[in-house]
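This is what each chain is made of:
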Number of protein chains: 2
Amino acid sequence: MASGMGSLENLARSFASMPGVSTKFAWKLAFHILTLKKDEVLSISNNIIKAFENTKRCNICQNFTDEEVCSICSNESRDKSKVCVVQYPKDVFTLERCNAYFGRYHVLHGLLSPAEGVGPKQLTIKELIKNIKQNGCIKEVILATNPTVEGEATAMYVANILKPFNLNLTRIAYGISVGSEIQYADSVTILKAIENRNKI
Amino acid sequence: MASGMGSLENLARSFASMPGVSTKFAWKLAFHILTLKKDEVLSISNNIIKAFENTKRCNICQNFTDEEVCSICSNESRDKSKVCVVQYPKDVFTLERCNAYFGRYHVLHGLLSPAEGVGPKQLTIKELIKNIKQNGCIKEVILATNPTVEGEATAMYVANILKPFNLNLTRIAYGISVGSEIQYADSVTILKAIENRNKI
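The rules behind the values
- Residues numbered from 1 in each chain as written.
- Chains lettered and ligands numbered in written order.
- Predicted model: local features only at pLDDT ≥ 70, side-chain atom pairs only at ≥ 80, totals over all residues.
- Heavy atoms only, no water.
- Least-squares fit on C-alpha atoms with pLDDT ≥ 70 in both.
- Domains from an automatic or database assignment.
- Axes fitted to C-alpha atoms, helices over the stretch in contact; angles between N-to-C directions.
- Helix = DSSP H or I, 4+ residues; strand = E, 2+ residues; numbered from the N terminus.
- Parallel < 35°, antiparallel > 145°, perpendicular 65-115°, else oblique.
- Left-handed = near helix turned anticlockwise from the far one by under 90°.
- Contact = heavy atoms within 4.5 Å.
- Pairing = 2+ DSSP bridges.
- Right-handed = clockwise from strand over helix to strand, strands pointing away.
- Salt bridge = Lys/Arg side-chain N within 4 Å of Asp/Glu carboxyl O.
- Buried < 20%, exposed > 50% of the residue type's maximum accessible area, 1.4 Å probe, protein only.
- Buried area = accessible area lost by both parts, 1.4 Å probe.
- Polar contact = N/O pair within 3.5 Å; in protein donor to acceptor, adjacent residues only side chain to side chain.

Looking at the relation of the copies chain A and chain B
- Take chain A, turn it by 180°, move it 0.0 Å along the axis, and it overlays chain B with an RMSD of 0.1 Å. On this basis, the relationship between the two copies can be described by a two-fold rotation axis. The rotation axis passes nearest to the C-alpha of Ser45 of chain A in chain A, at a distance of 2.3 Å.

The structure is reproduced here in structure tokens:
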């Protein structure tokens, strides 16, 4: 589109190349940049490069971090006996935001998916086993992959691999979402919610 | 939030400071940056700085551009006799996208709003008059400010100021939006649509 705005158009294109950013929204963001102070603009620009250059995987849990060992793994007040296995770093972010879990994590960086050519070697299962062997005090592994076909298969695969270690292997609970209505829940969820019913 | 992701968290904060970007969406964008190639990341980062540093106002129409005169004003194939007066550069972007107008523009960079302390001097009305005097061949000025109280007041103010120039002063048409339904239109819009009815 010939907007006649050169650099601004290039910036809008950059924003529009990101997931979930429409052309219209990209222009909104580009116009927003012009309203900022110079140091704010430099800070956004630098943060993009810094995040790309400094982010690596934690030696223990494989989550993204700037350090050799991330701040969760190096936090002595966290429960070392529990490891919550998740698919992506964004799941760690979501769980941390809930303030409901105070153990450690392990990030698989994917799920088993033969259709997409993702086998056990593409995931960080080797690193999980190494961590369990080295740590020594892990008592429970919570498998918190998504309740999808791939998430389920990956949880079962990891559970099988970890059986020889004699750990308490658990899976996050299925059920009706809090605040939702039973009429809108799918039949498999309702089945699981009835199977996993609790005494009150 | 202690996500333990240092630089990545700073980047997510930068994204979240932009309008319309939630914390969750900001993290999605931050994780997306990590999946790019280095030159793509550098290009995004540079485009932000370049847009901020190179963007100025066109000497003629006051729209954002990298040059002294923007590519629309310097395009000899555009109709020099028409000037479409809009509120913001984003309106030029919207109008250009429709491929319905081939004249030139004038960007006011705001609307009259006594409540917010915006008077005629804060807008580029002086530059519009200068342009009309210097150009010499402008025959029509289309007032395309938004159909809001401020947009209407600004259009009337500009029209009054331009009266001595003996130009054809027009206002964009009001009416029912194409594709919408009459039952959902507000009463003022319906009134305008009936007033401005056309022969078929």
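Here the narrative resumes, following the displayed structure.
Regarding the domain arrangement of chain A
- One can read the domain layout of chain A as domain 1 (7-54) and domain 2 (80-168).
- The C-alpha-based centres of domain 1 of chain A and domain 2 of chain A are spaced at 34 Å.

Some remarks on the packing of helix H1 (residues 6-16) of chain B against helix H2 (residues 23-34) of chain B
All names here are of chain B.
- Contact pair H1 / H2: the axes reach a minimum separation of 8 Å and the direction vectors enclose 125°. On the basis of their axis angle, the class for H1 and H2 is oblique. Here the hand of the crossing between H1 and H2 comes out right-handed. Residues Leu8, Glu9, Leu11, Ala12, Phe15 and Ala16 of H1 form the contact with H2, whose own contacting residues are Thr23, Ala26, Trp27, Leu29, Ala30, Phe31, Ile33 and Leu34.

A closer look at the pairing of strand E3 (residues 79-86) of chain A
Residues and elements named next belong to chain A.
- Bridge count for E3 against strand E4 (residues 103-107) is five bridges, and the pairing is parallel. By the bridge assignment, Val85 is partnered in E4 with His106.
- As a crossover connection, the stretch from E3 through helix H4 (residues 89-97) into E4 is right-handed.
- Both E3 and strand E5 (residues 140-143) contribute to a ladder of four bridges, which runs parallel. Each bridged residue has a counterpart across the sheet, and for Cys84 the counterpart in E5 is Ile142.

Remarks on the sheet that holds strand E4 (residues 103-107) of chain B
All names here are of chain B.
- Across the sheet, which stays open at both edges, the four strands sit in the order E4-E3-E5-E6 with parallel pairing between neighbours. Every other strand in the sheet has two partners, leaving E4 and strand E6 (168-171) as the edge strands with one partner each. Here the strands of the sheet are splayed against their neighbours by 25° on average, with no regard to which way each runs.
- Across four bridges, the pairing between strand E5 (residues 140-143) and E6 is parallel.

Quick word on the pattern of salt bridges
Residues and elements named next belong to chain B.
- One pass over the structure, following the stated rule, counts 14 salt bridges over all chains.
- In this structure, Glu9 engages Arg13 in a salt bridge whose closest nitrogen and oxygen atoms are separated by 3.5 Å. Taken together, the residues Glu9 and Arg13, both in helix H1 and four residues apart, mark about one turn of the helix.
- Owing to a relative accessible area of 13%, Glu9 belongs among the buried residues under this scheme.
- For Glu152, the salt bridge identified is with Arg171, shortest N-O distance 3.0 Å. Taken as a pair, Glu152 in helix H6 (residues 149-162) and Arg171 in strand E6 lie far apart in primary sequence, 19 residues in all.

A short note on the interface of chain A and chain B
- Contacts between the two partners involve 56 residues from chain A and, on the opposite side, 56 residues from chain B.
- In total, chain A and chain B occlude about 4,900 Å² of area from one another, counting both sides; carbon and sulfur atoms represent 73% of this.
- The largest share of the area that chain A buries against chain B comes from Ile48, Phe52 and Phe93 of chain A, three residues that together contribute 14% of it.
- Between the two partners, chain A and chain B, sit two salt bridges.
- Between Lys38 of chain B and Glu53 of chain A there is a salt bridge; the shortest N-O distance is 3.3 Å.
- In this assembly, chain A and chain B are joined by nine residue pairs in polar contact (both at pLDDT 80 or more).
- Contributions of two or more residues to the side of chain A that touches chain B are made by helix H1 (6-16), helix H2 (23-34), helix H3 (38-54), strand E2 (64-65) and H4 of chain A.
- If one sorts the elements of the side of chain A that touches chain B by residue count, H3 of chain A sits on top with 14 residues.

What to know about the side chain of His109 of chain B
Residue and element names in this part refer to chain B.
- Inspection of the secondary structure assignment puts His109 in the loop between E4 and helix H5 (125-135).
- Looking at His109, its side chain comes within polar contact range of the side chain of Arg57, at 3.4 Å.
- Excluding residues that lie within four positions of it along the chain, His109 makes contacts with Arg57, Gln62, Phe64, Gln87, Tyr88, Pro89, Leu123 and Thr124.

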